[in-house]
Amino acid sequence: MKIFNLNKYIFILVFLVLLDCGIGTYIGLWRESYWSALSNKEFYLWGKYILEFIAAALLSCGVSGYSQYLISVISLYWRTKLTQKALKLDYSRVEGHQQRIQEDCGRYPSILLSLIVALIRSVIMIVAFSYIILQHLSWYYLLIPLGYALIGTLLAGKIAFPLINLNYLNQVVEARFRQSLSHLNYLLAHRNNHQLFKKTKHLQYFQSFFNQITVIFPHLCLASLYFSGKIVFGVFMQVAAAMAEITNSLSVIILSFSDINNLISCRRRLRELQII
């Protein structure tokens, strides 16, 4: 049987994350040249930049797909270790322990690794796109996406906070319902699921609204500079995209609140079973 080389997979995953960030930074720098060529109607340059973008986009798709595969493989290895530990313990008095071990030992590593990769990528992209903005504008323009993302994070946190307990309770009441198919247990499961769906709906509303505003918000902040002639069209589009990228990177918590809540719930259940 082939020995699983965890260090090798982690090294490749880190390399691919850095490569993905490099491609994203290249596209950020590419935007100024592309929009300038389009604005000046330089057809041959425009065609050249289109081909460069296609190549970068295809490479990015390959990197992203293989990165997700590595996350899945590493998560599966981690799940095996957690399950092996769980099988050595006695859970005969814990209701629904089979389902909790089967689900949580699989979900916990996958969610945690995905969040770690997203966080690393966000930090690198913030640094890279901050450099792009500082090439053209003063440092205080970096405060715009920072403030916007901070306000969004606080609002999203307030909306999403009840989901932590609801996700945890959902596993408990569903386990009770599986163990005893009584009308009372069904009503408890139904009521908790309804509350979970309702709070998730509110969070999704906010996330969708936040994403849509993020697209136009940098344009509103930079419009006066462009119309007054202080920056050209290519710089306007490049900096606007850089601000949006920084905002998205700073908002990784907002966009991942559902995963974060599920992670906390999984960790809580695994700690109760003394698996972690």
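Here, the structure is the one placed above.
Residues numbered from 1 in each chain as written. Predicted model: local features only at pLDDT ≥ 70, side-chain atom pairs only at ≥ 80, totals over all residues. Heavy atoms only, no water.

Student: Give me the lowdown on the nonpolar core, citing residues and values where you can.
Tutor: For soluble globular proteins, the rule of thumb is that nonpolar side chains tend to be buried together. Counting residues in each nonpolar core, the largest one holds 37 residues, and the members touching the most others are Leu13, Phe129, Ile133, Leu137, Tyr141, Leu222 and Val239. Among the secondary structure elements, those contributing two or more residues to this core are helix H1 (6-39), helix H2 (43-87), helix H3 (97-134), helix H5 (183-227) and helix H6 (233-250). Counting residues per element, this core draws most heavily on H1, at ten residues. The residues touching Leu137, leaving out its near neighbours within four places in the chain, are Leu222, Leu225, Ile231 and Val239. Counting residues in each nonpolar core, the second largest holds 13 residues, with Ala86, Ile101, Tyr108 and Leu112 among its members. (Core = buried A, V, L, I, M, F, W, Y, C linked by side-chain atoms within 4.5 Å. Buried < 20%, exposed > 50% of the residue type's maximum accessible area, 1.4 Å probe, protein only. Helix = DSSP H or I, 4+ residues; strand = E, 2+ residues; numbered from the N terminus. Contact = heavy atoms within 4.5 Å.)

Student: Any details on a nonpolar patch on the surface? Residues and values, ideally.
Tutor: Taken together, the side chains of Leu134, Trp139, Tyr140, Leu143 and Leu146 make up a nonpolar region of the molecular surface, amounting to roughly 550 Å² of accessible area. With respect to the secondary-structure elements, Tyr140 resides in the loop between H3 and helix H4 (143-179). (Patch = residues over 30% accessible without salt bridge, like charges linked within 9 Å, V, L, I, M, F, W, Y side chains within 5 Å. Areas by Shrake-Rupley, 256 points an atom, 1.4 Å probe, with all protein chains shown as cover. Salt bridge = Lys/Arg side-chain N within 4 Å of Asp/Glu carboxyl O.)

Student: How would you summarise the packing of H4 against helix H8 (residues 257-272) if you had to cite specific residues and measurements?
Tutor: The geometry of H4 relative to H8 is characterised by a closest axis approach of 8 Å and an angle of 35° between their N-to-C directions. When the axes of H4 and H8 are compared, the crossing they make is right-handed. Of the residues in H8, those in contact with Thr153, Ala156, Gly157, Ala160, Leu163, Ile164, Asn165, Asn167, Tyr168 and Gln171 of H4 are Phe257, Asn261, Asn262, Ile264, Ser265, Arg268, Arg269 and Glu272. When grouped by side-chain class, the residues that make up the contact of H4 with H8 number seven nonpolar, eight polar and three charged. (Axes fitted to C-alpha atoms, helices over the stretch in contact; angles between N-to-C directions. Left-handed = near helix turned anticlockwise from the far one by under 90°. Nonpolar A, V, L, I, M, F, W, Y, C, P; charged D, E, K, R; others polar.)

Student: Please provide a residue-by-residue account of the packing of aromatic side chains, values included.
Tutor: By the definition in use, this model includes 16 aromatic pairs. Ring geometry for Trp78 and Tyr108: centres 5.9 Å apart, planes at 70°, overall edge-to-face. One end of the pair, Trp78, is in helix H2; the other, Tyr108, is in helix H3, and 30 residues separate them in sequence. With relative accessibility at 28%, the residue Trp78 sits in the partly exposed group. Overall, the relative accessible area of 7% leaves Tyr108 in the buried class. Taken together, the ring pairs connect Trp30, Tyr34, Trp35, Phe53, Tyr226, Phe227, Phe233 and Phe236 into an aromatic cluster. The ring centre of Tyr9 lies 5.3 Å from the NZ or CZ of Lys8, which sits over that ring. (Phe/Tyr/Trp six-rings, centres within 6.5 Å; stacked < 30°, edge-to-face > 60°. Lys NZ or Arg CZ within 6 Å of the ring centre and 35° of its normal.)

Student: Please provide a residue-by-residue account of the side chain of Asn193, values included.
Tutor: Relative to the elements of secondary structure, Asn193 occurs in helix H5. Relative accessible area serves as the criterion here: at 15%, Asn193 is assigned to the buried category. A distance of 3.3 Å separates the side chain of Asn193 from the side chain of Asn170, its partner in a polar contact. When neighbours within four sequence positions are excluded, Asn193 is seen to be in contact with Asn170 and Glu174. (Polar contact = N/O pair within 3.5 Å; in protein donor to acceptor, adjacent residues only side chain to side chain.)

Student: Before we move on, could you go through H8 and cite the residues and values that matter?
Tutor: With 16 residues, H8 extends 23 Å between its outermost C-alpha atoms, agreeing within 8% with the 22 Å of an ideal straight helix rising 1.5 Å per residue. Listed in full, the buried residues belonging to H8 are Phe257, Asn261, Asn262, Leu263, Ser265, Cys266, Arg269 and Leu270. Summarising the contacts, the buried residues of H8 are in contact with H3, H4, H5 and helix H7 (252-255). Following H8 by one or two positions, Gln274 adopts a phi angle in the positive range, close to 60°. (Expected span 1.5 Å × (residues − 1).)

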